[in-house]
Amino acid sequence: MKLYTTNFSPNCRRVEAVLHHLGLYEEVDVQRLNLMAGEHQQDAVRAANPNVKVPTLVAGDLNLWEANPIMIYLCDRAGAEEFCPSDLKTRFEILRWMSWEVQHYNRALGEILWETFAKSMFGGGPADQNKVDAGLENFHRFAAVLEGQLAGRDFVLGDTLTVADFAVGSHSALAMVPGSQVPLDDYPTIKAWCLRLESIPSWGATAPDTRAEAAE
Ligand SMILES: N[C@@H](CCC(=O)N[C@@H](CS)C(=O)NCC(=O)O)C(=O)O
């Protein structure tokens, strides 16, 4: 398998973390690309993913793109029944939380983090506080849902870590960066879960600072 990926991307992080978690990382030819230098705009990525985005995984004759379906593919390929159960009820819950995080929770985090963290890295100038505030309004709405779901649970679905945690938690480290403006302290159960995730070896191995060090 060949993975096109990059540092500091929550979408790439979650795929790399799943590879670590399933013990597949060493089997993969990891192409770590510098998006700021346009390294992803190459023929091989374009041929595998018409969006010309990462993560993109080439697995035999399959071209896989979009982080969440890639994660499910890897779990099913590895037969990871505990991490990604296949019974109808649990699989529905996993897919529901994955859909929810893309559409609501991490979308709101992405709006905030683009302004406060990523925009300046890509030469986009300072944060637009009106956009941060719009993101914060959405964040509060959906963080309340996650705070409720995590009450009395260690992980999104219950006592056991599943692939849904890596999806919903994909932005967790960036949300904890000083200056992110993400008010995680207002949601102590989410914050405790973020810290719990970061302490899991397969997730910790893909932490943004770890990645930066590994790239040096
Ligand atoms: N919905 C996609 C998002 C992919 C995406 O936006 N990737 C970014 C990095 S996080 C990218 O490749 N950006 C480069 C570009 O758009 O040119 C997924 O889940 O994989």
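Right above here is the structure, for reference.
Here the focus is the overall build of the protein. Counting its regular elements, the protein contains ten helices and four strands. When the helices and strands of the protein are read in sequence order from the N terminus, they spell out β-α-β-α-β-β-α-α-α-α-α-α-α-α. Computed over its C-alpha atoms, the radius of gyration of the protein comes to 17 Å, within 12% of the 17 Å expected for a compact globule of 216 residues. Taking the principal axes of its C-alpha atoms as reference, the protein extends roughly 45 × 45 × 30 Å. Counting all 216 residues of the protein, 50% fall into the buried class. Counting only contacts in the protein whose residues sit at least 6 apart along the sequence, the fraction spanning at least 24 positions is 69%. Here the protein has roughly 10,300 Å² of accessible surface; of this, 52% comes from carbon and sulfur atoms. Positive and negative side-chain charges in the protein, numbering 18 and 29 respectively, have mean positions lying 4 Å apart.

In this section: the site of the ligand. Near the ligand you find Ser-9, Asn-11, Leu-35, His-40, Lys-53, Val-54, Pro-55, Glu-66 and Ala-67, and these make up its full shell. A distance of 2.7 Å is found between an oxygen atom of the ligand and a side-chain nitrogen or oxygen belonging to Lys-53. In isolation the ligand has 520 Å² of accessible area, and contact with the protein removes 69% of it. Residue composition of the shell around the ligand, by class: four nonpolar, three polar and two charged.

Spanning twelve residues, helix α1 (residues 10-21) covers 16 Å between terminal C-alpha atoms, matching the ideal 16 Å at 1.5 Å per step. Along α1, nine of the twelve residues are buried, which leaves the element largely enclosed by surrounding structure. All of the buried residues along α1 are Pro-10, Cys-12, Arg-13, Arg-14, Val-15, Glu-16, Ala-17, Val-18 and Leu-19. Phi turns positive, to about 75°, at Gly-23, one or two residues after α1.

Moving on, we come to the sheet that holds strand β2 (residues 29-32). Strand order in the open sheet formed by four strands is β2-β1-β3-β4, with mixed pairing between adjacent strands. Taken across any chain shown, the strands that pair with only one partner, and hence form the sheet edges, are β2 and β4 (62-65). Taken pair by pair, the neighbouring strands of this sheet meet at an average axis angle of 15°, ignoring direction. Where strand β1 (residues 2-5) and strand β3 (residues 56-59) come together, three bridges link them in antiparallel fashion. Residue Lys-2 lies in a different strand from β3, and its bridge partner there is Val-58. On the sheet, α1 packs against β1 and β2 and is oriented at approximately 150° with respect to β1.

Generally speaking, a soluble globular protein has its nonpolar side chains buried in company with each other. Of all hydrophobic cores here, the largest spans 59 residues; its most connected members are Tyr-105, Phe-139, Val-163, Ile-190 and Trp-193. Sorting the residues of this core by element identifies α1, β3, α3 (67-78), α4 (88-121), α5 (129-150), α6 (163-168), α7 (172-175) and α8 (188-198) as the ones contributing at least two each. Counting residues per element, this core draws most heavily on α4, at eleven residues. For this core, the domains that each give at least three residues are domain 1 (2-82) and domain 2 (88-203). Counting residues in each nonpolar core, the second largest holds six residues, with Tyr-4, Cys-12, Leu-33 and Val-45 among its members.

This next bit is on the side chain of Asn-106. As for its position among the elements, Asn-106 is in helix α4. Of the polar contacts made by the side chain of Asn-106, one reaches the backbone oxygen of Val-168; its length is 3.2 Å.

Tallied over the entire structure, the rule returns eight salt bridges. Asp-29 is paired through a salt bridge with Lys-2; the nearest N and O atoms lie 3.9 Å apart. Linking Asp-29 in strand β2 with Lys-2 in strand β1, this pair joins segments that are 27 residues apart in sequence. We classify Asp-29 as partly exposed; its relative accessible area is 34%. On the basis of relative accessibility, which here comes to 30%, the residue Lys-2 falls in the partly exposed class.

Rules used throughout
Residues numbered from 1 in each chain as written. Predicted model: local features only at pLDDT ≥ 70, side-chain atom pairs only at ≥ 80, totals over all residues. Heavy atoms only, no water. Helix = DSSP H or I, 4+ residues; strand = E, 2+ residues; numbered from the N terminus. Rg over C-alpha atoms; globule rule 2.2 N^0.38 Å. Buried < 20%, exposed > 50% of the residue type's maximum accessible area, 1.4 Å probe, protein only. Contact = heavy atoms within 4.5 Å. Areas by Shrake-Rupley, 256 points an atom, 1.4 Å probe, with all protein chains shown as cover. Lys, Arg positive; Asp, Glu negative; His and termini not counted. Charge placed at Lys NZ, Arg CZ, Asp CG, Glu CD. Near = heavy atom within 4 Å. Polar contact = N/O pair within 3.5 Å; in protein donor to acceptor, adjacent residues only side chain to side chain. Nonpolar A, V, L, I, M, F, W, Y, C, P; charged D, E, K, R; others polar. Expected span 1.5 Å × (residues − 1). Pairing = 2+ DSSP bridges. Axes fitted to C-alpha atoms, helices over the stretch in contact; angles between N-to-C directions. Core = buried A, V, L, I, M, F, W, Y, C linked by side-chain atoms within 4.5 Å. Domains from an automatic or database assignment. Salt bridge = Lys/Arg side-chain N within 4 Å of Asp/Glu carboxyl O.

Any functional reading would require information beyond the geometric quantities listed.
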